[in-house]
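Remarks on the overall topology
Listed below are the residues making up each chain.
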Amino acid sequence: MPGLAFFNIISGMLDPKFVRENSQLVKTLIEKRGVKLNWKDFLSLSQKRNEILKKVESLRFEQNKASKEIGWKKQEGENAASVIAEMRKVSDNLKILEEELKVLDEKVHAFLLTVPNIPHESVPEGKDEEDNEEVRRFGRPPDFSFSPKPHWDIGADLGILDFERASKIAGARFVIYYGAGALLERALINFMLDVHTREKGYREVIPPYVANEESLTGTGNLPKFEDDLFKLRGYSWYMIPTAEVPLTNLFRDEILEGEKLPARFAAYTPCFRQEAGSYGKDVRGLIRLHQFNKVELMTFSTPESSYDELEKLTADAEDILRRLDLHYRVVALCTGDLGFAGAKTYDLEIWMPHRRKFVEISSCTNCEDFQARRAGIRYRPGPMEKPEYVHTLNGSGVAAGRTVSAILENYQQEDGSVLVPEVLQPYMNGLERISVP
RNA sequence: GGAGAGGUGGCCGAGUGGUUUAAGGCGACGGCCUCGAAAGUCGUUAUUCUGAUUUUUCAGGAUCGUGGGUUCGAAUCCCACCCUCUCCGCCA
């Protein structure tokens, strides 16, 4: 008997019942993102699906009843041939309807997988990044008595960054770090992990750097954004684009105890992205690479406290930049700039002196129950109570490569050397300055 | 890579075609007992969908690793895949 398991276990991203019963509201909210979808077809499909489901269920009821009767008759040694003949017809009929139902279920589910999350009411409305709202700022741009160099020139002059040889080994959009540059990147990763795990209540995780299709569907990267992922040839594995993928899937298809929430995790991983469609952008330097290092923060929360957790997560990521004494600002993404799975996102943007611009260095997002629903992550509020979906939050805490570029540019000196931020010196064997060789 | 064993509810574990409507146990929750607790005892104890009722239930469907197949009927039989464990080989 063909099951409906796939519809039952992985519901859509949004609650299918809620979408069906409030389609007008959902449509309006989704359209704030500037996304248009074919709601009419969805509604008629969904309605049709329920009609067929009712028919299938009543036929199965009949079948179950008759089945018991046949068993009972056979045990008594009676002849059950007439009932069996009748049930054969029911069974044939059922097979046709079940096939129809399966097709409809797949269509409804496929539609729901393409619907993005509903933005939180506090998210500013807008078309694109121009409409994002600045929330706060820290520090101010450094004063230079000379014209500041871009970080790729600084790195090349110091002999710590090498883009040319990286492209020989791998290709464009890769980098090699040498000596103090490699040490700086490593020091940053250790510094960030130490702050988050010792002071902020996150548990360190080293996850796999590849993930399967189920995991990437759970986070919302599949099926819509396959083009940005590297797939391993001959395997159903993908290189992770962020540690958010393995971390979110830690508890896929599990029911957590309510007392264990909020559960906070921090993971350092490399991240791998195709960056398809960004050919002209950020072609130089450490800003946009196919492989980069990142410390990721992840929180599983109850629905009640998830927005408090978003503030905490953002503040924890910010604290890294504060301790490095880097000028940054916090921006609330508008409806049009919000990512697929996000209900609300704060971006942390770091000041880059050469470009005289802020550049994203962290993105802190509350996905509410969107990912949890796709990935089946629930919690039990109390003993004997019904399970509910958790809220998932993630944020970079922060991107290591971009931080290196910010340090090089903001801490550069007229003689070409770069001062090491004080908090990093213990992580770099006391090194205070990276000098021209 | 070779050989073998296995996957059943929160956990352990029985179940080789039809009163299995998944036994039994552990744990958890509640009642009784008690000054209180332990012990004892009685009861409750999965998830999910549809529809009624409406906030408390009721009726029905699905779920025994996943997906197919055989059958009037599958946890049980057949096929494919996934995962776990044991032994051997190779390897950081």
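Placed above this text is the structure.
Residues numbered from 1 in each chain as written. Chains lettered and ligands numbered in written order. Predicted model: local features only at pLDDT ≥ 70, side-chain atom pairs only at ≥ 80, totals over all residues. Heavy atoms only, no water.

1. A few points about the state of the cysteines
Taken as a whole and judged by the stated rule, the model has 0 disulfides. C271 carries a free sulfur, and the closest cysteine sulfur to it, the one in C364, is 14 Å from it. Between C334, a cysteine without a disulfide, and C367, which holds the nearest cysteine sulfur, the sulfur-to-sulfur distance is 17 Å. (Disulfide = S-S within 2.5 Å.)

2. Side note on the sheet that holds strand β10 (residues 328-332)
Strand order in the open sheet made by the 8 strands is β1-β10-β11-β12-β15-β9-β8-β4, with mixed pairing throughout. Edge positions in the sheet fall to β1 (133-138) and β4 (203-205), since each of these pairs with one other strand and no more. Recorded for the sheet is a direction-independent mean angle of 25° between the axes of neighbouring strands. Two elements, strand β11 (residues 344-352) and strand β12 (residues 357-366), share 9 bridges in a ladder whose sense is antiparallel. Counted as the bridge partner of K344 is N366 from β12. (Pairing = 2+ DSSP bridges. Helix = DSSP H or I, 4+ residues; strand = E, 2+ residues; numbered from the N terminus. Axes fitted to C-alpha atoms, helices over the stretch in contact; angles between N-to-C directions.)

3. Let's talk about the packing of aromatic side chains
All told, the structure shown has 13 aromatic pairs when counted by the stated rule. When the centroid spacing of 5.2 Å and the interplanar angle of 5° are considered together, the rings of Y235 and W237 count as stacked. On the basis of relative accessible area, W237 is assigned to the partly exposed category, the value being 39%. Taken together through their ring pairs, the aromatic side chains of W39, F42 and F111 make up a single cluster. (Phe/Tyr/Trp six-rings, centres within 6.5 Å; stacked < 30°, edge-to-face > 60°. Buried < 20%, exposed > 50% of the residue type's maximum accessible area, 1.4 Å probe, protein only.)

4. Let's talk about the pattern of salt bridges
Under the counting rule described, the total for this entry stands at 23 salt bridges. Across the pair D369 and R373 runs a salt bridge whose closest N-O atoms are separated by 2.8 Å. The structure contains a network of salt bridges with shared partners spanning E134, R137, R329 and E349. (Salt bridge = Lys/Arg side-chain N within 4 Å of Asp/Glu carboxyl O.)

5. Examining the environment of P421
With respect to the secondary-structure elements, P421 resides in the loop between β16 (418-419) and β17 (433-434). Owing to a relative accessible area of 2%, P421 belongs among the buried residues under this scheme. When the C-alpha atoms of P421 and A156 are compared, they prove to be 20 Å apart, with 265 residues separating the residues in sequence. Dropping the residues within four chain positions of it, P421 is found in contact with L324, I407 and Y411. (Contact = heavy atoms within 4.5 Å.)

6. A short note on the packing of helix α8 (residues 179-199) against helix α11 (residues 306-323)
Their axes nearest at 11 Å, the elements α8 and α11 cross at an angle of 130°. Between α8 and α11, the crossing angle belongs to the class labelled oblique. The way α8 lies across α11 gives a crossing that is right-handed. Across the interface between the two elements, F191, M192, V195, H196 and E199 of α8 pack against D316, A317, I320 and R323 of α11. Taken together, the residues of the contact of α8 with α11 sort by class into 5 nonpolar, 1 polar and 3 charged. (Parallel < 35°, antiparallel > 145°, perpendicular 65-115°, else oblique. Left-handed = near helix turned anticlockwise from the far one by under 90°. Nonpolar A, V, L, I, M, F, W, Y, C, P; charged D, E, K, R; others polar.)

7. Some points on the sheet that holds strand β13 (residues 377-380)
A sheet is described by the order of its strands in space; here 3 strands give the open sequence β7-β13-β14, paired in mixed fashion. In this open sheet, the two strands that pair with only one neighbour each are β7 (254-257) and β14 (388-389). Summarising the sheet, β13 and β14 pair through 2 bridges and their orientation is antiparallel. For Y379, the partnering residue across the bridge sits in β14 and is E388.

8. Some points on the pairing of β11
Of all the 9 residues making up β11, 9 are buried; the element is thus mostly covered by neighbouring parts of the structure. Burial along β11 is two-sided: the face carrying K344, Y346, L348, I350 and M352 and the face carrying T345, D347, E349 and W351 are both buried. Pairing of β10 with β11, which is carried by 5 bridges, proceeds in the antiparallel orientation. The residue bridging Y328 from the neighbouring strand is I350, located in β11. Between β11 and β12, which pair antiparallel and follow one another directly, the connecting turn spans 4 residues, one of which, R356, has a positive phi of 55°.

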